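A structural walkthrough
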Amino acid sequence: MNEIPEAITLAQQITETLVGKTIISVTPASTPHKFAWYYDDPAKYHQRLLEAEILSARGIGMFVEINLSKAILLFSDGVRLRFHPVRDQIPGKHQLLLGFNDGTFLSASVSMYGGLFCWEKEVEFDNIYYEVAKSKPSPLKDAFDADYFNRLFAPEAVQKLSLKAALATEQRIPGLGNGCLQDILWHTKLNPKRKVMTLTEDEQSRLFTNLKQTLAEMTRLGGRSTEKDLFGNSGGYSVVMCADNKDKPCPDCGTPIQKESYMGGSVYTCPTCQPL
């Protein structure tokens with residue numbers, strides 16, 4: 001799933017590859033998918049997007065937002081975006097396909113779930129996750145400083161949560177999910193099950209520093225190695241704590257990396273470096 005580094009990488013690649021192109025064909029909802037979500041009737045996307053020019057793109061939390069001359073396109077974390085220089089590269093299944101005036105294409109496909117939202121600029125799009133992502137500072141920005149980070153942990157209800165629950169749920173940090181969090185906690189030598197209230201001042205300070213540095217490095221390298229970019233290439237940041245490295249030695253101490261089920265998903269930890 002796309003998180004902050006992938007959303008920003010995709011937006012940058014869209015800016016470099018698609019800005020200035022005009023949409024001449026629109027194919028929405030070609031492959032039915034129970035968990036592909038649209039704004040209004042996808043059949044209306046043709047009217048909204050046809051002859052629209054791509055002006056800009058940006059990553060907002062987990063979202064990739066594309067600004068067009070007469071509409072906005074918004075893709076959530078579960079949508080796979082791919083650029084196709086020729087028609088032969090278009091996948092057989094997709095939930096939205098855009099054809100451009102130079103013969104190239106952009107496909108959007110959903111695997112598990114994802115939102116493919118399109119609305120006219122004069123319409124007010126109501127999506128709480130999108131609004132929260134726009135309203136809160138990104139960890140990649142200076143506004144996300146130590147004081148702001150510490151305030152996230154201040155409420156008593158948050159103090160009782162585990163680090164995974166506090167950092168990767170409820171949109172406290174939009175665009176930060178379980179995937180990126182695994183390496184952030186490993187770099188900080190903290191267990192995802194650890195309660196916020198048990199952190200020392202030094203541990204919380206190191207967590208803030210590693211959160212910013214790790215996300216910045218993931219973004220600089222074009223996303224994580226577990227995810228793909230606009231051209232189908234894996235990101236340049238080699239993820240340590242992931243399914244591919246289960247039972248492999250921790251790079252720091254050599255202890256086998258373990259997988260556990262926690263909070264409806266999986267967490268990967270080094271039992272030695274990240275004791276509970």
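What counts as what
Residues numbered from 1 in each chain as written. Predicted model: local features only at pLDDT ≥ 70, side-chain atom pairs only at ≥ 80, totals over all residues. Heavy atoms only, no water. Buried < 20%, exposed > 50% of the residue type's maximum accessible area, 1.4 Å probe, protein only. Helix = DSSP H or I, 4+ residues; strand = E, 2+ residues; numbered from the N terminus. Pairing = 2+ DSSP bridges. Axes fitted to C-alpha atoms, helices over the stretch in contact; angles between N-to-C directions. Contact = heavy atoms within 4.5 Å. Polar contact = N/O pair within 3.5 Å; in protein donor to acceptor, adjacent residues only side chain to side chain. Left-handed = near helix turned anticlockwise from the far one by under 90°. Nonpolar A, V, L, I, M, F, W, Y, C, P; charged D, E, K, R; others polar. Patch = residues over 30% accessible without salt bridge, like charges linked within 9 Å, V, L, I, M, F, W, Y side chains within 5 Å. Areas by Shrake-Rupley, 256 points an atom, 1.4 Å probe, with all protein chains shown as cover. Salt bridge = Lys/Arg side-chain N within 4 Å of Asp/Glu carboxyl O. Phe/Tyr/Trp six-rings, centres within 6.5 Å; stacked < 30°, edge-to-face > 60°. Lys NZ or Arg CZ within 6 Å of the ring centre and 35° of its normal.

Let us look at the pairing of strand β4 (residues 63-68). Burial analysis of β4 places six of its six residues in the buried class, which makes it a mostly covered element. Across the two faces of β4 the burial is the same, with Phe-63, Glu-65 and Asn-67 and Val-64, Ile-66 and Leu-68 all buried. Taking the residues between adjacent antiparallel strands as the criterion, strand β3 (residues 54-60) and β4 are bridged by two residues, where Gly-61 takes a positive phi near 60 degrees. As defined by bridge partners, β4 adjoins strand β5 (residues 71-75) across four bridges and the pair is classed as antiparallel. Bridge pairing in β5 links Glu-65 to Leu-74. A loop of two residues connects β4 with β5, the two strands running antiparallel in sequence.

Quick look at the sheet that holds β5 now. The sheet built from five strands is open, its strands ordered β2-β9-β5-β4-β3 with mixed pairing. The sheet is open, and its two borders are formed by β2 (36-38) and β3, each paired with just one other strand. Each neighbouring strand pair of the sheet contributes to a mean axis angle of 15 degrees, computed without reference to strand direction. Helix α1 (residues 4-18) contacts β3 and β4 of the sheet and is inclined by roughly 170 degrees relative to β3.

As a further point, take the side chain of Arg-224. Within the secondary structure, Arg-224 sits in the loop between α8 (201-220) and β10 (258-262). Of note is the side chain of Arg-224, whose polar atom sits 2.8 Å from the backbone oxygen of Met-1.

For the rest of this paragraph, the subject is unusual backbone geometry. Phi at Ala-29 is positive, roughly 55 degrees, even though this residue is not glycine. With respect to the helices and strands, Ala-29 occurs in the loop between β1 (23-28) and β2. For Asp-40, which is not a glycine, the phi torsion comes out positive at approximately 65 degrees. Here Asp-40 shows up in the loop between β2 and α2 (45-49).

On to the packing of helix α4 (residues 146-153) against α8, then. Each packed pair of helices is defined by two parameters, the angle between the axes and the distance between the axes. Between α4 and α8, whose axes approach to 10 Å, the crossing angle comes to 120 degrees. Here α4 runs over α8; the crossing is right-handed. Here α4 contributes Ala-146, Phe-149, Asn-150 and Phe-153 to the contact with α8, which in turn contributes Gln-204, Leu-207, Phe-208 and Leu-211. Of the residues contributing to the contact of α4 with α8, the split by class is six nonpolar, two polar and no charged.

Read across the sheet, four strands follow the order β1-β7-β8-β6 without closing on themselves; strand pairing throughout is antiparallel. Looking at strand neighbours, the two that pair on one side only are β1 and β6 (79-84), the edges of this open sheet. For this sheet the average axis-to-axis angle between neighbouring strands, irrespective of direction, equals 15 degrees. Bridge analysis of β6 against strand β8 (residues 105-110) gives six bridges, and the strand direction is antiparallel.

Looking now at a nonpolar patch on the surface. Together, Met-1, Phe-35, Trp-37, Met-112 and Tyr-113 make up an exposed nonpolar region whose accessible area comes to about 490 Å². With respect to the helices and strands, Met-112 occurs in the loop between β8 and β9 (114-120). Taking relative accessible area as the criterion, Met-112 reaches 57% and is therefore assigned exposed.

With that out of the way, let us pick up the environment of Gly-223. Among the structural elements, Gly-223 can be located in the loop between α8 and β10. Along the backbone, Gly-223 and Ala-243 are 20 residues apart, and their C-alpha atoms lie at a distance of 17 Å. Apart from the residues lying within four places of it in its own chain, the contact partners of Gly-223 are Pro-5, Glu-6, Thr-9, Met-218, Gly-235, Gly-236 and Tyr-237.

Tallied over the entire structure, the rule returns 15 aromatic pairs. On the basis of an interplanar angle of 85 degrees and a centroid distance of 5.4 Å, the ring pair of Tyr-39 and Phe-125 is categorised as edge-to-face. Highlighted residues: Tyr-39 in the loop between β2 and α2 and Phe-125 in the loop between β9 and α3 (128-135), separated in sequence by 86 residues. Accessibility expressed as a relative area gives 24% for Tyr-39, which makes it partly exposed. The structure contains a cluster of three or more aromatic residues connected by ring pairs, namely Tyr-39, Phe-63, Phe-117, Trp-119, Phe-125 and Tyr-130. One residue, Lys-189, lies across the ring of Trp-186, its end atom 4.2 Å from the ring centre.

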